[in-house]
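Fold and contact review
These are the residues of each chain, in order.
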Amino acid sequence: RRDLPPPGLFENRAAVLSVSKQFASFIVTGGIAAAVNLASRWGFNWFMRFEFAVALGYLAGMTTAFVLARRFVFDGSGGSWLGEYWRFAMVNVMSFLVVLGVSVGLADYAFPAIGMTWHAHDVAHLIGVLSPIVLSFYAHKHFSFARRN
């Protein structure tokens, strides 16, 4: 019959729903961490250069993300929280390079080139913070919080 889905389409439905729920939780906790990141960057920006404020804001957001992800998103690895935090930080070093490159690239090059001046640093930083979400989810799932035997 033409109105039935192809065979096998829903075989892995439970796994897909599980990952979808976990990814949604990651997005929510990451959103909270991103708000901490953005708000602290804004505060730091009152007394330091944008690039340094982005770096310190990222550290505040990363620590918030770790605490929330460990509590609400991923099962623990079975190892110490310090080991998890170290792996989480390594993933975030890579993500930070993406965030910094996107934020500064947009704020200092792309936006001036197109004449965008309305909250250019804020918009650039928001886009930068959002840019590594999918990569970070899978890296944390399979590395930061992966079961250690």
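Above this text is the structure in question.
Computed from a predicted model, the values in this text were never measured in an experiment.

In contact at an axis separation of 10 Å, helix H3 (residues 81–114) and helix H5 (residues 133–144) are set at 150 degrees when each is read in the N-to-C sense. The angle between the axes of H3 and H5 places the two elements in the roughly antiparallel class. The chirality of how H3 crosses H5 is right-handed. Residues Glu84, Arg87, Phe88, Met90, Val91, Asn92 and Ser95 of H3 form the contact with H5, whose participating residues are Ser136, Ala139, His140, Phe143 and Ser144. Class assignment of the residues belonging to the contact of H3 with H5 gives a composition of five nonpolar, five polar and two charged.

Turning next to helix H4 (residues 120–130). Among the residues of H4, those classed as buried are Ala120, Ala124, His125, Gly128 and Val129. Around the axis of H4, the buried residues are gathered within 155 degrees of arc, so they sit on the same side.

Below, the discussion takes up the packing of aromatic side chains. The geometry of an aromatic ring pair is captured by the separation of the ring centres together with the interplanar angle, meaning the angle of the planes. All told, the structure shown has 14 aromatic pairs when counted by the stated rule. Between the aromatic rings of Trp42 and Trp46, the centroid separation amounts to 5.5 Å while the plane-to-plane angle is 90 degrees, which identifies the pairing as edge-to-face. Of the aromatic side chains, those joined through ring pairs into one cluster are Phe23, Phe26, Phe66, Phe74, Tyr85, Phe88, Phe137, Tyr138 and Phe145.

This paragraph deals with the layout of surface pockets. Empty space within the largest pocket amounts to approximately 380 Å³. As for the largest pocket, its lining consists of 23 residues, of which Phe26, Gly30, Ala33, Ala65 and Val129 are closest to the centre. If you list the elements that add at least two residues to the lining of the largest pocket, you get helix H1 (13–44), helix H2 (50–72), H3, H4 and H5. With eight residues, the top contributor of residues to the lining of the largest pocket is H1.

With that out of the way, let us pick up unusual backbone geometry. Not every positive phi belongs to a glycine, and His119 is a case in point at roughly 45 degrees. Relative to the helices and strands, His119 is located in the loop between H3 and H4. We classify His119 as partly exposed; its relative accessible area is 43%.

If you look at the biggest cluster of nonpolar residues, it comprises 13 residues, and the most contacted ones within it are Phe50, Phe111 and Ala124. Elements represented by at least two residues in this core include exactly H2, H3 and H4. The element that contributes the greatest number of residues to this core is H3, accounting for six residues. Contact partners of Phe111, with chain neighbours within four places excluded, come to Leu106, Met116, Ala120, Val123, Ala124 and Ile127. Judged by nonpolar contacts, the second largest core, of twelve residues, contains Phe66, Ala69, Phe74 and Ala89.

What counts and how
- Residues numbered from 1 in each chain as written.
- Predicted model: local features only at pLDDT ≥ 70, side-chain atom pairs only at ≥ 80, totals over all residues.
- Heavy atoms only, no water.
- Axes fitted to C-alpha atoms, helices over the stretch in contact; angles between N-to-C directions.
- Helix = DSSP H or I, 4+ residues; strand = E, 2+ residues; numbered from the N terminus.
- Parallel < 35°, antiparallel > 145°, perpendicular 65-115°, else oblique.
- Left-handed = near helix turned anticlockwise from the far one by under 90°.
- Contact = heavy atoms within 4.5 Å.
- Nonpolar A, V, L, I, M, F, W, Y, C, P; charged D, E, K, R; others polar.
- Buried < 20%, exposed > 50% of the residue type's maximum accessible area, 1.4 Å probe, protein only.
- Arc of directions from axis to C-beta.
- Phe/Tyr/Trp six-rings, centres within 6.5 Å; stacked < 30°, edge-to-face > 60°.
- 1 Å grid on protein atoms, 1.4 Å probe; cavity = no way out; pocket = protein on both sides within 12 Å on 5 of 7 lines; lining within 4 Å.
- Points joined across faces, edges and corners; volume = space filled by probe spheres on them.
- Core = buried A, V, L, I, M, F, W, Y, C linked by side-chain atoms within 4.5 Å.

Without other data, these values stay purely geometric and don't point to any function.
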